[in-house]
Amino acid sequence: MTHPLIRLYAVLVCALFGIILTSQILGFLGFFTAVIAIPMAVIATGGAYWLYARFGDNWLQTLNLQKQETTLLSVTTIVTSVVLIVIIYVQRMILWHQSSVGEIISNDFTRYHAIKIFQLVRDGSVWNLAIPYGQYPYGLEGLVAFGMLFVPDLRITGTLYAFVFIIFWLTITLMLVRFAQLSLDVSLLLAVGITFVPMLFAQLLNVGKNDVLLSTTILIAILHAPIGDERFHPFGLAFATMLSLATKATGLYVLFYVWGLVMLNWAKYARQGRWRDYLQPVVFIALLLTMFPGGLWVIRNYVILGELFTSEISSFFQTTIVANLDNPALYESYQSRNLLLYLSVAILLSIAALFKRQMGWQMFGVVLMMIITFAITPLATFLTINDLDYLDIQWRFVLHGVAMVMVIAVALFAPFIRWAYAFVNRHKVLQAVSSIGLVGLSITLIFFLGIDDLFGRNPNQWDKMLDPTLQDGSIYDELASYESGFVLLESVEWLPILIQNPQVQLSETVYPLGQSDIYPLPQADYIAFNPLYTADPVYALYQDDPTQWQIIFENPTGRIYQRVP
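Residues numbered from 1 in each chain as written. Predicted model: local features only at pLDDT ≥ 70, side-chain atom pairs only at ≥ 80, totals over all residues. Heavy atoms only, no water.

## What to know about unusual backbone geometry
Here the bond from Tyr511 into Pro512 is cis, since omega is -5°, no more than 30 degrees from zero. Among the secondary structure elements, Pro512 is positioned in the loop between strand 2 (505-507) and strand 3 (526-529). With a phi close to 55°, Gln181 is a non-glycine residue in the positive phi region. Secondary-structure assignment places Gln181 in the loop between helix 7 (157-179) and helix 8 (184-195). The residue Ser491 is not glycine, and still its phi comes out positive at about 60°. By the element assignment, Ser491 lies in the loop between strand 1 (486-490) and helix 26 (495-500). Taking the relative accessible area as the measure of exposure, Ser491 reaches 36% and is therefore partly exposed. (Helix = DSSP H or I, 4+ residues; strand = E, 2+ residues; numbered from the N terminus. Buried < 20%, exposed > 50% of the residue type's maximum accessible area, 1.4 Å probe, protein only.)

In structure tokens form, the structure reads like this:
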């Protein structure tokens, strides 16, 4: 593993693996604290890097990363690629709380991802399902929570998200090197171009969602899988599998397929009496142990809930494409044609991949499995089970599919790209003209996207997270000032309170979704609710015995009652 980019890539992937592995194990055991987590993550990262380097020789040969001649155009291409990534993505992600990226923060992040992060940092455990969507996997939450061990501020989320995005970009780059057989400099630039595909661009800048992390893990798995070649990287594939399992269950289908390819090749070697040459049993056992921590959340759910997901979440499966094949809305919506168009393009390109030696039938199977996964993914096309007559396609669930289709498209045109690039490099004048043109196009792109949008800062943007009402003396300021006690909330956002005071104990009557009865709530010291919803369950507690409560706060942002001592 001598190539500097491969070393860098290995360090980044192994660090991601080491951090999330640590959060899965320690969060499950209830010992996620800085004094244990930090050294454990360092050891896990170092061990992962050793395994990655030790078992990667055969797989590295499929990349064909030969030393290429350094030319003006190659240097310009590499530098331009890095500069575009830093300006358009990385710096805005790191400063998401001030940049335009923060203006599109998902409600999912504010309503449950961030809550789970605070809970893991505060309690060191993931066994509390009485928080919003606590039964979900916690890969992204574990990553950000680890960052908060160093910087106890939720704004560190943007930096960790930029870290994941860089791995996403480099993974696509190496895919182009492997499957399109393009040089590294060209692959870096084309990978930048792929990130601008409309279905990818907006989602890649959506800090706080776990969709990009999931897609990154699946792409890592595909990169290291035996596709177009029986050679694969056992630990690269195992690391990706663990990360995917820890992030979201929907990655399982593609992972089962790529591991099926490994088993198929292993069986072929077994028929020849050479099965140890392909994958030694002791290595296979090590791979299983490597992947196992990604599924610890499944054990937790069965211990507490007695099932994988609660009944309400299970009902989301009614929103899948497969469950709505007889639903006219699936075919008559204005988005139906888009769905059919992209499906057709994906199938046609995957069929074309059958004739590319570097991809073959294995890549066709990957795309087919992604299509099937999207078709059976809850909420992928209908947002709720109560509104099945409105088609709303969520491409964020299949970002890896969009990226793979683009990789295949580039691979089909790779012979022409290689010829054109070689032709330009043979003539110094053309090199100079192309380099100037590339720089000029990059500057034009930056201006097209908007200088203010890329570099503009709004320091007051974070205030919206601290207090959605932007009102002095709001219910959020009041609750954040409480030093102790248990607060029962209804129709009041958790995140602004936890940002200002992570130690305050909060809950609602509805969690875990569908089985709130299994979590008897502690005796509430305070009841906080939005006065616009006076018929809610929390207010009913006050109504049952108003003599036990006294009002201590009331304004248009909310109302708080305190239990009478």
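## Points about the pairing of strand 5 (residues 558-563)
Across 4 bridges, the pairing between strand 3 and strand 5 is antiparallel. Residue Ile527 lies in a different strand from strand 5, and its bridge partner there is Tyr561. Where strand 4 (residues 549-555) hands over to strand 5, the hairpin turn is made up of 2 residues, counted between the paired strands. (Pairing = 2+ DSSP bridges.)

## A look at the packing of helix 1 (residues 4-29) against helix 7
For the pair helix 1 and helix 7, interaxial distance at closest approach is 10 Å and the crossing angle is 135°. Of the possible angle classes, the one that applies to helix 1 and helix 7 is oblique. With respect to the hand of their crossing, helix 1 and helix 7 are arranged in left-handed fashion. In this structure, helix 1 uses Leu5, Ile6, Leu8, Tyr9, Leu12, Val13, Ala15 and Leu16 to contact helix 7, whose residues at the interface are Phe163, Val164, Ile166, Ile167, Leu170, Thr171 and Leu174. (Axes fitted to C-alpha atoms, helices over the stretch in contact; angles between N-to-C directions. Parallel < 35°, antiparallel > 145°, perpendicular 65-115°, else oblique. Left-handed = near helix turned anticlockwise from the far one by under 90°. Contact = heavy atoms within 4.5 Å.)

## Some details on the environment of Lys428
Assignment of secondary structure puts Lys428 in helix 22 (residues 428-449). A relative accessible area of 74% means that Lys428 is categorised as exposed. Taking the C-alpha atoms as reference points, Lys428 and Leu72, separated by 356 residues in sequence, lie 8.4 Å from one another.

## Concerning the environment of Ala130
Of note, Ala130 is situated in the loop between helix 5 (107-123) and helix 6 (139-148). Excluding residues that lie within four positions of it along the chain, Ala130 makes contacts with Trp494, Ser507, Tyr511 and Tyr519.

## Quick word on the pattern of salt bridges
Throughout the structure, instances matching the rule amount to 11 salt bridges. When the shortest N-O distance is used, the salt bridge between Glu141 and Lys116 registers 3.3 Å. Within this pair, whereas Glu141 is found in helix 6, its partner Lys116 is found in helix 5, the two being separated by 25 residues in sequence. Of the two residues, Glu141 and Lys116, neither departs from the other in class, the shared state being buried. A salt bridge links Asp211 to Lys209; the shortest N-O distance between them is 3.9 Å. Here Asp211 falls in the buried class, since its relative accessible area comes to 2%. Here Lys209 falls in the buried class, since its relative accessible area comes to 3%. In the salt-bridge network here, residues are joined through shared partners; they are Asp108, Lys209, Asp211, Lys248 and Arg396. (Salt bridge = Lys/Arg side-chain N within 4 Å of Asp/Glu carboxyl O.)

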